[in-house]
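Here are the chains, one letter per residue:
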Amino acid sequence: MTPQVVVDYQALSRYAADWLIGRLRQRPEALVCLATGATPQGTYSLLAEHGAAEPELVERMQVIKLDEWGGLARDDPASCEQYLRRALIEPLRLKDRYVSFDSDAADPQAECARIARWLAEHGPIDTCVLGLGVNGHLGFNEPAASLQPHAHVAQLSSASLTHAMLDCAQKRPAFGLTLGMADILQARQALLLVSGSTKREPLRRLLSGQIATDFPASLLWLHRDVSLVCDAEAA
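This one's a predicted model, so the numbers in the text were calculated from it and none came from an experiment. (Residues numbered from 1 in each chain as written. Predicted model: local features only at pLDDT ≥ 70, side-chain atom pairs only at ≥ 80, totals over all residues. Heavy atoms only, no water.)

Attention shifts here to the overall build of the protein. When you go through the protein residue by residue, the secondary structure sums to seven helices and 10 strands. For 235 residues, the compact-globule estimate of 2.2 N^0.38 gives 18 Å, and the C-alpha radius of gyration of the protein, at 16 Å, lies within 12% of that figure. Dimensions along the principal axes, computed over C-alpha positions, put the protein at roughly 40 × 40 × 35 Å. Residue burial in the protein is summarised as follows: out of 235 residues, 54% are buried. Taking as baseline every contact in the protein between residues at least 6 positions apart, the subset at least 24 positions apart corresponds to 79%. About 10,400 Å² of surface is accessible on the protein, with carbon and sulfur atoms providing 48% of the total. Averaging the positions of the 22 positive and the 28 negative side-chain charges in the protein gives two centres separated by 2 Å. (Helix = DSSP H or I, 4+ residues; strand = E, 2+ residues; numbered from the N terminus. Rg over C-alpha atoms; globule rule 2.2 N^0.38 Å. Buried < 20%, exposed > 50% of the residue type's maximum accessible area, 1.4 Å probe, protein only. Contact = heavy atoms within 4.5 Å. Areas by Shrake-Rupley, 256 points an atom, 1.4 Å probe, with all protein chains shown as cover. Lys, Arg positive; Asp, Glu negative; His and termini not counted. Charge placed at Lys NZ, Arg CZ, Asp CG, Glu CD.)

A sheet is described by the order of its strands in space; here three strands give the open sequence 4-8-7, paired in antiparallel fashion. Each having just a single partner strand, strand 4 (67-70) and strand 7 (152-154) make up the two edges of the open sheet. With strand direction ignored, the average angle separating the axes of adjacent strands in the sheet is 30°. Against the sheet, helix 4 (residues 108-122) touches strand 7 and strand 8 (175-178), its axis set at about 130° to strand 7. (Pairing = 2+ DSSP bridges. Axes fitted to C-alpha atoms, helices over the stretch in contact; angles between N-to-C directions.)

Moving on, we get to helix 7 (residues 200-207). All buried positions along helix 7 are accounted for by P202, L203 and L206. Buried residues of helix 7, seen end-on, are gathered within an arc of 100° and therefore sit on one face of the element. On the buried face of helix 7, the contacting elements are strand 9 (189-194) and strand 10 (226-231). (Arc of directions from axis to C-beta.)

So, about the sheet that holds strand 3 (residues 62-65). Taken together, the seven strands give an open sheet; going across it, the order is 1-10-9-6-2-3-5, and neighbouring strands pair in parallel fashion. Two strands lie at the open edges of the sheet, namely strand 1 (4-6) and strand 5 (98-99), each paired on one side alone. Sheet strands touched by helix 1 (residues 9-26): strand 1, strand 6 (127-131), strand 9 and strand 10. Its angle to strand 9, the strand with the most contacts, is close to 170°. The sheet contacts of helix 7 involve strand 9 and strand 10, and relative to strand 10 the element is tilted by about 145°.

Right, let's get into the nonpolar core. Core analysis: the biggest nonpolar cluster contains 39 residues, and L34, Y44, M61, W69 and L88 have the highest contact counts within it. Here L34 is in contact with Y44, V63, I64, K65, L66, L84, L88 and V129, once residues within four sequence places are set aside. (Core = buried A, V, L, I, M, F, W, Y, C linked by side-chain atoms within 4.5 Å.)

Here is the structure:
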């Protein structure tokens, strides 16, 4: 996993958007798994602009959401649902080709089972866009003695519960809903985006090459095709 280091966040966003556009040209019907948060926001904005100018590029694209804050209303401004709808789903008119966790499902375990069944039938993921958590989490696959392979209800770490996305939340999430590590590792390609000084130490640990479940991102060393892009501040 040799990192591609770019000068700043804007360059990272452009690099990642171009990377995704290239993958969609190769496989227009790709199933793309999308993370949320500050890091991929610029990438998604550029992809939405390009998709508006070249709608045929995304007319067969499918999207599955990586994770969600459990217990938030679907219209909560802090939800991953609202983030993705604003960023890509509505601008690219992907509603009929979009699969997501219901953050406020009456039975969270059944909701995870629904997502797992859908992915077992329609997967694997073609391209998985990921961010690196400050504690090494991927989605809500949090540091633990063991990790779950498929969609599951996750106990949120303190790092996740203090995430900036929750600053505008109408309530605190009770748990996380997330795809599992096997779902991520079975993706045909993964794009890991790392930006900012707060990710410097997690990136250093990732690049040490030591694999451990208390740093879930380290399992990406087992993946066959990971593109790691970081800005100079993180590097």
